[in-house]
Amino acid sequence: MALHTVLGMVTGIEGAIKNPKEKYETSLPSGFALSPGYAADCTLDTIRVVKYIRALQEEIEQQKEKHTAEPVNVLYAGCGPFAPFVLPFTWRYSPADVQFTLLDIHERSIDAVKEIAREFQIEDYFTDFIVCDAAAYKPEDRMYHILITETMHRALSREPHVMIIKNLTPFLTAGGVIIPEEVAVSACLSDFQQEATYLQNKLTKEEIKRARICLDTVFLLTKDVKYKLTDDGLSFKGPKIRIPDEAHDKNILVLLTHIKLNRNVIIEERESGITFPFFAFDLLKFKPGDILEFSFRIKDNPGIHYKVYSELRL
């Protein structure tokens, strides 16, 4: 809260929670980019911010051990107006240790982080400030040791995180890393009334886990995963999963987001807005023996897509 308040005073961006005019999105081929106001409000998701900072700290230290003769180059894609994940390191390291490139689709966000850099006299830590769609940006003469981005909604829906990772990982140095290291979306079947009770904190995590019917991981995002496109070129292919015999008519499909920032730091379910369960209320009725087919749409409105059909079609 204090960080949000101070940086809001410096930049004049108070956030979308306070200012309804900030509640807009920018539509891109790879998804919807949050407004600078909404991006500013992401700093209020405290656990998310703290864990990203912790993971980045560990990765900077790892890269410093490997690259003693040069600064660690960090690309922060979708930095928003506050760039909250990198500011703490301008007090911990010298510009000779670490350099940041900040990238955002909104010129207003980039102008805001420039103002923060001037106000706190930390300009020397920033190699560049770039106004660009991160899913299309092609660095001409620079490789990065670390790519960090948080441009996702729960279940990797709506926002362009997947295409940003796919586009920018080729510009990592050998041994370079991405944060998050891994994002997995898994599917389960559950009774929505029990899920609602869980969201009201009247069931524990262990109790809701026992109540769910786990299916499988339906999409996995890492820097090394290779994807097969569907015939129309609009989606990545996912698995086909048979509805198990224990399923019943009160079940709905639930997508769960598992975020591994690095080997030591994980954002657990419901710790952040980006790890809340996603309920597939739009899915038609299904029954034991039916087949759920998954894919990840990469254009327009990105996210996990699913359809159900009888196993007789297999």
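All of these numbers come straight from a predicted model, not from anything done at the bench.

Colleague: Break down a nonpolar patch on the surface for me, citing the residues and quoting the values.
Modeller: Nonpolar side chains collect at one region of the surface, where V6, W91 and F120 lie side by side and expose about 310 Å² of accessible area between them. Position of F120 relative to the elements: it lies in the loop between helix 5 (107-119) and strand 5 (126-131). Classification of F120 as partly exposed rests on a relative accessible area of 32%.

Colleague: Got a sec to walk through the state of the cysteines? Specific residues and values, please.
Modeller: Tallied over the full model, the rule gives zero disulfides. C42 takes part in no disulfide bond, and the closest cysteine sulfur, belonging to C79, lies 12 Å away. By relative accessible area, which is 21% here, C42 ends up partly exposed. Of all cysteine sulfurs in the structure, the one in C79 sits closest to C132, which takes part in no disulfide; the separation is 12 Å.

Colleague: Give a description of the packing of helix 1 (residues 2-11) against helix 5 that names residues and reports values.
Modeller: Axis angle and axis distance: for two packed helices, these are the angle between their axes and the distance between the axes, and together they describe the pair. At a closest axis distance of 9 Å, the pairing of helix 1 and helix 5 adopts a crossing angle of 100°. Accordingly, the angle class assigned to the pair helix 1 and helix 5 is roughly perpendicular. Across the interface between the two elements, L7, V10 and T11 from helix 1 touch A112, E115, I116 and E119 from helix 5. Taken together, the residues of the contact of helix 1 with helix 5 break down into four nonpolar, one polar and two charged.

Analysis parameters
- Residues numbered from 1 in each chain as written.
- Predicted model: local features only at pLDDT ≥ 70, side-chain atom pairs only at ≥ 80, totals over all residues.
- Heavy atoms only, no water.
- Patch = residues over 30% accessible without salt bridge, like charges linked within 9 Å, V, L, I, M, F, W, Y side chains within 5 Å.
- Areas by Shrake-Rupley, 256 points an atom, 1.4 Å probe, with all protein chains shown as cover.
- Salt bridge = Lys/Arg side-chain N within 4 Å of Asp/Glu carboxyl O.
- Helix = DSSP H or I, 4+ residues; strand = E, 2+ residues; numbered from the N terminus.
- Buried < 20%, exposed > 50% of the residue type's maximum accessible area, 1.4 Å probe, protein only.
- Disulfide = S-S within 2.5 Å.
- Axes fitted to C-alpha atoms, helices over the stretch in contact; angles between N-to-C directions.
- Parallel < 35°, antiparallel > 145°, perpendicular 65-115°, else oblique.
- Contact = heavy atoms within 4.5 Å.
- Nonpolar A, V, L, I, M, F, W, Y, C, P; charged D, E, K, R; others polar.

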